[in-house]
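Next come the chains, spelled out residue by residue.
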Amino acid sequence: MKVVLFCGGYGMRMRNDRSDEIPKPMQMVGPRPLLWHIMRYYAHFGHTDFILCLGYGAAKIKDYFLDYHEEQSNDFVLRNNRVEMLHTDISDWSVTFVDTGLESAIGERLRRVRRHLNGDPYFLANYADVLTDAPLDRVIERFHASGAVASILVVPPQSSFHCVDVAENGEIKEITPISRFPIWENGGYFVLSQEIFDLLPPGGDLVADVCQPLAGEGRLFGYRHEGFWKPADTFKERAELDDGYAHGIHPWTVWEHPEPVPQP
C-alpha cells in the first residue's frame, strides 16, 4: 500500500522563530530526522512506496534524500576507496515528492496527490509528526474486517492536566486526571479507501470533512492502541524522544526488536 505523508505544515510550535527554516519532519531524533523514523516504521511492514506532501521547508526535505548517506547508520566495508554496504535503509524505497502548497489544509494536500495513488483502492496516511509501535499489519487487517471506509489509530489521552468538576457556586466536587477518562485521541495513523475523495471538498479537512461524517454513518473504524505512542509537535516532545533514543529507549523502532503483542 502507498503511504501518504503530510509534511508541508509550518510547525510553528517546533520552531525557535520565523527564521528557523528546518521543517518539523526534519527535526532530529537520534541520528535521523523524524520523517525517516516514520518511513522506516512503514517500511518494516513492507510499505515502501511513499508520497510526500510538501509545503514549508520542501527544499530541506528534498535535499536530505538527494544527498542521503546510508553509511551513517549502517555497517559497511571500505575497500579500494569504495563503500560496500552490508545493510541498507532506503534502497528499496520509492519516494514521490509533491508540492502541495504552503497554506493547504491536510485534506487539500491529500486531494493534490490523488493522481499519484494510481487508483489503488486503499492507502495509508500519516501526519508525519508522531511515533508509535502499533502493529501495523494488525491495524490494516482489522480495518478490512470492519468493512469501514476509513480507519484511525486511536490512543489514550496523553496530556497530564486535570479536569475539575465545579458547581455553579464555585464548590469543586472532584479533580480527575484526564488519563482516567474513557476517551481516546486521534493517533494520526490512517488507513483510507478511495471513497474518502467523494467526501473531500477543495480546501477541505481530512478529519472534519471526511472522518466526522463517516463516524456518524458507522463507516469509520478506530483501532485502539495502548502501547507506545508519542507526538513530536513541540521542542519538548521532540527532545524527550531524542533523549529516549540516546538512552536506548525507542519502542517505535519495531525493526530492531520483536513485534508487539497484537490487540485481541
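Preceding this section is the structure that the text describes.
Structural notes, computed from the coordinates.

Cut-offs and rules
Residues numbered from 1 in each chain as written. Predicted model: local features only at pLDDT ≥ 70, side-chain atom pairs only at ≥ 80, totals over all residues. Heavy atoms only, no water. Pairing = 2+ DSSP bridges. Helix = DSSP H or I, 4+ residues; strand = E, 2+ residues; numbered from the N terminus. Axes fitted to C-alpha atoms, helices over the stretch in contact; angles between N-to-C directions. Contact = heavy atoms within 4.5 Å. Buried < 20%, exposed > 50% of the residue type's maximum accessible area, 1.4 Å probe, protein only. Arc of directions from axis to C-beta. Polar contact = N/O pair within 3.5 Å; in protein donor to acceptor, adjacent residues only side chain to side chain.

1. A short note on the sheet that holds strand β4 (residues 49-54)
Two modes of strand pairing occur in sheets, parallel and antiparallel, and in both the strands are linked by backbone hydrogen bonds.
Piece 1. Strand order across the open sheet formed by 7 strands is β7-β4-β1-β8-β13-β10-β14, with mixed pairing between neighbours. The open sheet terminates on both sides in strands that have one partner only, identified here as β7 (94-99) and β14 (220-224). Across the sheet, the axes of successive neighbouring strands diverge by a mean angle of 25°, strand direction being ignored.
Piece 2. Running over the sheet, helix α5 (residues 206-216) touches β1 (2-7), β10 (150-155), β13 (185-193) and β14 and is turned about 80° from β13.

2. A look at α5
Piece 1. Taken as a whole, α5 has its buried residues at L206, V210, C211 and L214. Angular distribution of buried residues about the axis of α5 spans 80°; they occupy a single face of the element. Turned more than 90 degrees off the buried face of α5, the exposed positions are Q212 and G216.
Piece 2. Residue D205 occupies the N-cap position of α5, its side-chain oxygen lying 3.0 Å from the main-chain nitrogen of V207.
Piece 3. Where α5 ends, the next residue or the one after it, G218, has phi of about 75°, a positive value.

3. Here we look at the environment of K230
Piece 1. Inspection of the secondary structure puts K230 in strand β15 (residues 229-231).
Piece 2. Distance in space between the C-alpha atoms of K230 and K2 is 23 Å, their sequence separation being 228 residues.
Piece 3. Those residues in contact with K230 that sit more than four places away from it in its chain are V130, L131, E237, E240 and L241.
Piece 4. Of the polar contacts made by the side chain of K230, one reaches the side chain of E240; its length is 2.6 Å.

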